[in-house]
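Structural overview
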Amino acid sequence: MNIMLAPMEGVIDHHMRAILTGIGGYQRCVTEFIRVVDQLLPPHVFHRLCPELLTGGKTAAGVPVVVQLLGGIPDVTAANARRVAELGAPGVDINFGCPSKLVNRKAGGAVLLKEPRRVYDITHAVRQAVPNNIPVSGKIRLGYDDTMQALDNARAVADAGASFIVVHARTRADGYKAPARWECLAHINEALNIPVIANGDINSLQDYQRCLEITGCHDVMVGRGAVARPDLARQIQQNATPLLWCEICKLLGDMYIAMKTQPGSKEKGILGRIKQWLVLLKKTYPEARAGFECVRKFRRLEALEAWLKASEKQENAVNSQ
Ligand SMILES: Cc1cc2nc3c(=O)[nH]c(=O)nc-3n(C[C@H](O)[C@H](O)[C@H](O)COP(=O)(O)O)c2cc1C
């Protein structure tokens with residue numbers, strides 16, 4: 001069984017990947033999408049979104065980080081994929097699921113699902129450009145407006161030579177609305193001769209078990225659930241005891257320090273990311289609600305730092321009683 005950490009633009013960056021893979025249970029991560037329009041991007045663009053390229057393409061915990069490209073022109077996407085491979089990425093993933101209007105207008109992301117032939121051409125060009133020992137994968141949704149072409153698109157990715165495919169069990173029109181349509185993955189999984197990784201709404205061990213039952217898939221990708229429950233993969237893999245809130249506070253502190261020590265980091269950006277994480281944590285930890293109410297008023301890092309220190313201390317004291 002493999003669990004992959006999903007790409008999430010603006011949420012799962014290299015700091016978050018380091019923290020979540022450090023907890024354990026993940027076999028692979030995927031970067032936020034790197035948008036390719038009509039030219040070969042310089043190495044610093046790839047290094048910015050995937051600094052792990054400078055450390056063997058792996059997080060500190062040793063989990064490979066696949067680089068995700070979003071592009072609509074086969075040869076341009078392929079040229080960038082070749083560069084990504086040269087820079088040491090352990091895999092290249094192609095984004096066929098982004099719902100952003102801006103991205104879709106420029107013929108990238110989910111809009112490509114209207115043309116399975118194009119999905120094939122892009123995947124095939126990337127596969128040809130990247131050495132055989134580096135896996136190429138595609139991440140699709142079930143379709144743009146409906147699911148009619150789901151299998152055609154999945155087949156296009158497989159026939160073009162991808163090593164595996166991730167299927168987010170929603171159409172673009174579904175957005176991120178729950179529930180994900182796991183039942184649609186079963187026949188894709190049956191029809192393809194490459195691994196189909198199930199994605200969408202796997203937020204707990206129970207979800208994981210039900211998703212596998214319904215889809216017949218062996219492997220999954222988790223996104224929002226991984227941020228809301230930082231030890232989700234470990235719980236799934238080992239049925240481990242869930243992290244306590246004090247341990248979560250320690251992770252928030254780790255995230256804060258990682259961001260603060262990064263050259264060029266901005267006060268507002270750091271505050272925003274901690275607030276964002278607290279919002280997602282609310283789904284699992286009732287304590288995060290009060291935390292968010294406090295932190296959302298902060299305008300300065302000093303206030304955040306004091307709150308983080310106090311939360312950790314307070315929680316440690318409660319737990320040692
Ligand atoms: C804020 C946000 C950013 C995302 N960014 C990306 C991205 O860069 N590339 C991608 O393929 N999918 C992206 N996704 C989709 C997720 O990878 C995933 O497919 C989706 O959230 C469903 O999985 P989940 O229910 O486990 O979150 C994003 C989703 C969210 C909510």
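Every chain begins its residue count from 1, and numbering advances along the sequence as written. Where totals are concerned, whole chains, interfaces and linings use all residues; where local detail is concerned, this predicted model gives features only for residues with pLDDT of at least 70, and gives and counts side-chain atom pairs only at 80 or more. As a rule here, side-chain values cover all heavy atoms of the structure and leave hydrogens and water aside.

1. Here we look at the packing of aromatic side chains
Between the rings of Phe, Tyr and Trp (Trp by its six-membered ring), a pair exists once the centres lie within 6.5 Å; its type follows the angle of the planes, with under 30 degrees stacked, over 60 edge-to-face, and the other angles tilted. Per the stated rule, a full pass over the model turns up 1 aromatic pair. A ring pair is formed by tryptophan 245 and tyrosine 285, whose centres lie 5.6 Å apart and whose planes are at 40°; its orientation type is tilted. Of this pair, tryptophan 245 sits in helix H11 (residues 245–260) while tyrosine 285 sits in the loop between helix H12 (267–281) and helix H13 (287–295), placing them 40 residues apart in sequence. Exposure class is identical for tryptophan 245 and tyrosine 285. Each is buried. Two conditions define a charge located above a ring, namely a distance within 6 Å from the ring centre to NZ of Lys or CZ of Arg, and an angle within 35 degrees of the ring normal. Here the basic side chain of lysine 114 rests over the ring of tyrosine 144, its NZ or CZ set 4.2 Å away from the ring centre. Against the face of tyrosine 176 rests arginine 141, its NZ or CZ located 5.0 Å from the ring centre. Labels follow the DSSP assignment, with helices taken as runs of H or I lasting at least four residues and strands as runs of E lasting at least two, numbered in each case from the N terminus. Summary of the burial criterion: residues with accessible area below 20% of their type's maximum are buried, those above 50% are exposed, and those between are partly exposed, where the area comes from a 1.4 Å probe applied to protein chains only.

2. Some points on the side chain of aspartate 231
Tracing the backbone through its elements, the reader meets aspartate 231 in the loop between helix H9 (224–228) and helix H10 (232–238). The convention is simple: Lys and Arg are positive, Asp and Glu are negative, and His and the chain ends are not counted. Salt bridge, as used here: a side-chain nitrogen of Lys or Arg that lies within 4 Å of a carboxyl oxygen of Asp or Glu. For the buried residue aspartate 231, which engages in no salt bridge, the nearest side chain bearing the opposite charge is arginine 234, 4.3 Å off. Residue contacts are defined here by distance: any two heavy atoms, one from each residue, within 4.5 Å place the two residues in contact. Those residues in contact with aspartate 231 that lie beyond four places of it in its chain are Ile23, Thr241, Pro242 and Leu243.

3. What to know about the packing of helix H5 (residues 116–129) against helix H6 (residues 150–159)
Think of each axis as a best-fit line through the C-alpha atoms, taken over the contacting stretch in the case of a helix, with angles from 0 to 180 degrees between the N-to-C directions. Contact geometry of H5 with H6 gives a least axis separation of 8 Å together with a crossing angle of 20°. As judged from the angle between their axes, H5 and H6 are roughly parallel. Judged by the sense of rotation from one axis to the other, the crossing of H5 with H6 is right-handed. Residues Pro116, Val119, Tyr120 and Thr123 of H5 pack against Asp152, Asn153, Ala156, Val157 and Asp159 of H6. Charged means Asp, Glu, Lys or Arg here, nonpolar means Ala, Val, Leu, Ile, Met, Phe, Trp, Tyr, Cys or Pro, and polar covers whatever is left, Gly included. A class-by-class count of the residues in the contact of H5 with H6 yields 5 nonpolar, 2 polar and 2 charged. Any angle that is under 35 degrees is reported as roughly parallel, and any over 145 degrees as roughly antiparallel; angles of 65 to 115 degrees are reported as roughly perpendicular and all others as oblique. Should the near helix be turned anticlockwise from the far one by less than a right angle, the crossing is left-handed, and should it be turned clockwise, the crossing is right-handed.

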